[in-house]
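Take a look at the letters that make up each chain.
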Amino acid sequence: MSKIKNIYFTSTVRAGAGLLGRILNASDQISLSHAILNFCRFYLNKYEPLSKNLNKLLDEAYYRLKFRFNVIIDKKKISQNLKTQKLNHSTLYKEILISIFEKQISKKTIYVGDKEANAWEYFDQ
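Counting restarts for each chain, with residues numbered from 1 along the sequence as it is written. Two thresholds apply to this predicted model, a pLDDT of at least 70 for residue-level local features and 80 or more for giving and counting side-chain atom pairs, whereas whole-chain, interface and lining totals are computed over all residues. Excluding hydrogens and water, the side-chain figures rest on all heavy atoms present in the structure.

Bringing the overall build of the protein chain into the picture now. Here a strand is any run of E in DSSP of at least two residues, a helix any run of H or I of at least four, and the numbering for each starts at the N terminus. Within the protein chain, the regular secondary structure consists of five helices and three strands. It is over C-alpha atoms that the radius of gyration is taken, and the globule rule equals 2.2 Å times the number of residues to the power 0.38. The C-alpha atoms of the protein chain give a radius of gyration of 14 Å, which matches the 14 Å a tight globule of 125 residues would have. Principal-axis analysis of the C-alpha atoms places the extent of the protein chain at approximately 40 × 35 × 30 Å. Here the term buried applies to any residue with accessible area under 20% of the maximum for its type, exposed to any over 50%, and partly exposed to those in between, with areas from a 1.4 Å probe on protein chains only. Looking at the protein chain as a whole, 42% of its 125 residues qualify as buried. Contacts are residue-level and defined by heavy atoms, with any inter-residue pair within 4.5 Å sufficient. For the protein chain, the share of sequence-separated contacts (at least 6 apart) that also reach a separation of at least 24 residues comes to 66%.

Once that is clear, we can look at the packing of helix α3 (residues 50–69) against helix α4 (residues 75–82). Taken N-terminus to C-terminus, the directions of α3 and α4 make an angle of 140 degrees; their axes are 10 Å apart at the nearest point. When you trace α3 past α4, the crossing you get is right-handed. On α4, the residues that touch Leu-54, Asn-55, Leu-58, Asp-59 and Tyr-62 of α3 are Lys-75, Ile-78, Ser-79 and Leu-82. Residue polarity is assigned by list, with Asp, Glu, Lys and Arg as charged and Ala, Val, Leu, Ile, Met, Phe, Trp, Tyr, Cys and Pro as nonpolar; anything else, Gly included, falls into the polar class. Among the residues making up the contact of α3 with α4, the classes are represented as five nonpolar, two polar and two charged. Angles run from 0 to 180 degrees between N-to-C directions of axes, and those axes are lines fitted to C-alpha atoms, restricted for helices to the stretch in contact. For a crossing to be left-handed, the near helix must be turned anticlockwise from the far one by less than a right angle; the clockwise case is right-handed.

As a general feature of sheets, a regular strand has side chains that alternate between the two faces. Most of strand β3 (residues 111–115) is tucked away, with four of its five residues classed as buried. One ladder, built from five bridges, connects strand β1 (residues 5–9) with β3; its direction is parallel. Paired with Lys-5 across the two strands is Tyr-111, which belongs to β3. Two strands pair when backbone bridges link them, and strand β2 (residues 30–34) and β3 are joined in this way by five bridges, in the parallel orientation. Within β3, the position partnered with Ser-33 by the bridge is Asp-114. At least two bridges found by DSSP between two strands is the condition for calling them paired.

Membership of the largest hydrophobic core comes to 28 residues, with the highest contact counts inside it found for Leu-37, Phe-39, Tyr-43, Leu-57, Leu-92, Ile-96 and Ile-100. Broken down by secondary-structure element, the contributors of at least two residues to this core are α2 (39–42), α3, α4 and α5 (89–100). Among the elements that make up this core, the one with the highest residue count is α3 (seven residues). When sequence neighbours within four positions are dropped, the list of residues in contact with Leu-57 reads Tyr-43, Tyr-47, Leu-50, Leu-92 and Ile-96. Residues belong to one nonpolar core when they are buried, are Ala, Val, Leu, Ile, Met, Phe, Trp, Tyr or Cys, and are joined through side-chain atoms within 4.5 Å. Counting five residues, the second-largest nonpolar core is a separate cluster that includes Ile-7, Phe-9, Ile-30 and Leu-32.

The structure is reproduced here in C-alpha coordinates:
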(Lines give C-alpha, C1' and ligand atoms only; values in the text may rest on other atoms or scores of the structure.)
Protein backbone atom coordinates (compact mmCIF):
# COMPACT_ATOMS: atom_id res chain seq x y z
CA MET A 1 0.00 0.00 0.00
CA SER A 2 3.00 2.31 0.14
CA LYS A 3 2.56 3.05 -3.56
CA ILE A 4 -0.79 4.68 -2.89
CA LYS A 5 -0.75 8.45 -3.32
CA ASN A 6 -2.95 10.99 -1.61
CA ILE A 7 -5.33 13.45 -3.21
CA TYR A 8 -6.56 16.54 -1.47
CA PHE A 9 -9.06 18.86 -3.05
CA THR A 10 -11.05 21.82 -1.91
CA SER A 11 -13.55 24.22 -3.40
CA THR A 12 -16.11 26.74 -2.40
CA VAL A 13 -19.44 25.54 -1.10
CA ARG A 14 -21.99 24.65 -3.80
CA ALA A 15 -19.34 24.60 -6.54
CA GLY A 16 -19.86 21.04 -7.73
CA ALA A 17 -17.09 19.39 -5.72
CA GLY A 18 -19.48 16.69 -4.53
CA LEU A 19 -20.29 15.78 -8.11
CA LEU A 20 -16.60 15.82 -9.05
CA GLY A 21 -15.86 13.55 -6.09
CA ARG A 22 -18.52 11.07 -7.16
CA ILE A 23 -17.16 11.07 -10.71
CA LEU A 24 -13.64 10.40 -9.40
CA ASN A 25 -14.95 7.64 -7.10
CA ALA A 26 -16.41 5.87 -10.13
CA SER A 27 -12.84 4.86 -10.95
CA ASP A 28 -11.53 1.74 -9.24
CA GLN A 29 -8.19 3.57 -8.93
CA ILE A 30 -9.54 6.27 -6.58
CA SER A 31 -11.16 6.18 -3.13
CA LEU A 32 -12.31 9.61 -2.05
CA SER A 33 -14.28 10.72 1.00
CA HIS A 34 -16.46 13.79 1.10
CA ALA A 35 -15.53 15.98 4.08
CA ILE A 36 -15.29 13.07 6.48
CA LEU A 37 -11.69 13.47 7.58
CA ASN A 38 -11.33 17.27 7.24
CA PHE A 39 -7.64 16.89 7.95
CA CYS A 40 -6.72 20.57 7.67
CA ARG A 41 -9.54 21.75 9.87
CA PHE A 42 -9.03 19.30 12.72
CA TYR A 43 -5.44 18.04 12.62
CA LEU A 44 -3.02 20.12 10.51
CA ASN A 45 -0.48 21.85 12.79
CA LYS A 46 -2.61 21.24 15.89
CA TYR A 47 -0.56 18.42 17.41
CA GLU A 48 3.00 19.65 17.06
CA PRO A 49 5.41 18.03 17.32
CA LEU A 50 3.81 15.02 15.68
CA SER A 51 6.43 12.67 17.08
CA LYS A 52 5.24 13.40 20.63
CA ASN A 53 1.54 13.90 19.98
CA LEU A 54 0.72 11.26 17.39
CA ASN A 55 -1.31 9.14 19.81
CA LYS A 56 -3.41 12.15 20.89
CA LEU A 57 -4.11 13.02 17.26
CA LEU A 58 -5.05 9.44 16.39
CA ASP A 59 -7.29 9.19 19.46
CA GLU A 60 -9.17 12.33 18.44
CA ALA A 61 -9.45 11.13 14.84
CA TYR A 62 -10.66 7.71 15.98
CA TYR A 63 -13.42 9.05 18.23
CA ARG A 64 -14.47 11.81 15.86
CA LEU A 65 -14.78 9.43 12.90
CA LYS A 66 -16.42 6.68 14.96
CA PHE A 67 -19.11 8.75 16.62
CA ARG A 68 -19.77 11.23 13.86
CA PHE A 69 -19.62 8.99 10.79
CA ASN A 70 -19.52 5.41 12.17
CA VAL A 71 -16.11 4.97 10.52
CA ILE A 72 -13.51 2.94 12.41
CA ILE A 73 -9.80 3.49 11.83
CA ASP A 74 -7.07 1.16 13.06
CA LYS A 75 -4.88 3.42 15.23
CA LYS A 76 -2.36 0.68 15.93
CA LYS A 77 -1.90 -0.17 12.26
CA ILE A 78 -1.55 3.51 11.34
CA SER A 79 1.15 3.95 13.99
CA GLN A 80 2.99 0.85 12.81
CA ASN A 81 2.88 1.97 9.17
CA LEU A 82 4.17 5.41 10.09
CA LYS A 83 7.22 3.90 11.82
CA THR A 84 8.52 2.84 8.40
CA GLN A 85 8.04 6.30 6.85
CA LYS A 86 9.07 9.86 7.50
CA LEU A 87 6.48 11.21 9.93
CA ASN A 88 4.85 14.34 8.53
CA HIS A 89 1.34 15.57 7.80
CA SER A 90 1.33 14.11 4.29
CA THR A 91 2.19 10.55 5.39
CA LEU A 92 -0.20 10.80 8.35
CA TYR A 93 -3.03 12.02 6.07
CA LYS A 94 -2.41 9.15 3.66
CA GLU A 95 -2.28 6.47 6.38
CA ILE A 96 -5.52 7.68 7.99
CA LEU A 97 -7.23 7.63 4.59
CA ILE A 98 -5.92 4.14 3.84
CA SER A 99 -7.39 3.01 7.16
CA ILE A 100 -10.74 4.67 6.35
CA PHE A 101 -10.88 2.94 2.96
CA GLU A 102 -9.19 -0.32 3.98
CA LYS A 103 -12.11 -2.53 2.90
CA GLN A 104 -12.55 -0.69 -0.41
CA ILE A 105 -8.92 -0.52 -1.50
CA SER A 106 -8.00 -2.99 -4.21
CA LYS A 107 -4.79 -3.76 -6.05
CA LYS A 108 -5.90 -1.20 -8.64
CA THR A 109 -6.22 1.66 -6.13
CA ILE A 110 -3.65 4.37 -6.77
CA TYR A 111 -5.15 7.37 -4.93
CA VAL A 112 -6.97 8.00 -1.67
CA GLY A 113 -8.24 11.42 -0.68
CA ASP A 114 -10.69 13.71 0.98
CA LYS A 115 -12.67 16.72 -0.17
CA GLU A 116 -12.70 19.61 2.27
CA ALA A 117 -14.73 22.77 1.65
CA ASN A 118 -13.06 26.18 1.83
CA ALA A 119 -9.74 24.79 3.05
CA TRP A 120 -7.28 26.80 0.97
CA GLU A 121 -6.85 29.14 3.95
CA TYR A 122 -4.60 26.49 5.54
CA PHE A 123 -1.97 26.69 2.80
CA ASP A 124 0.65 29.34 2.17
CA GLN A 125 0.30 31.17 -1.08
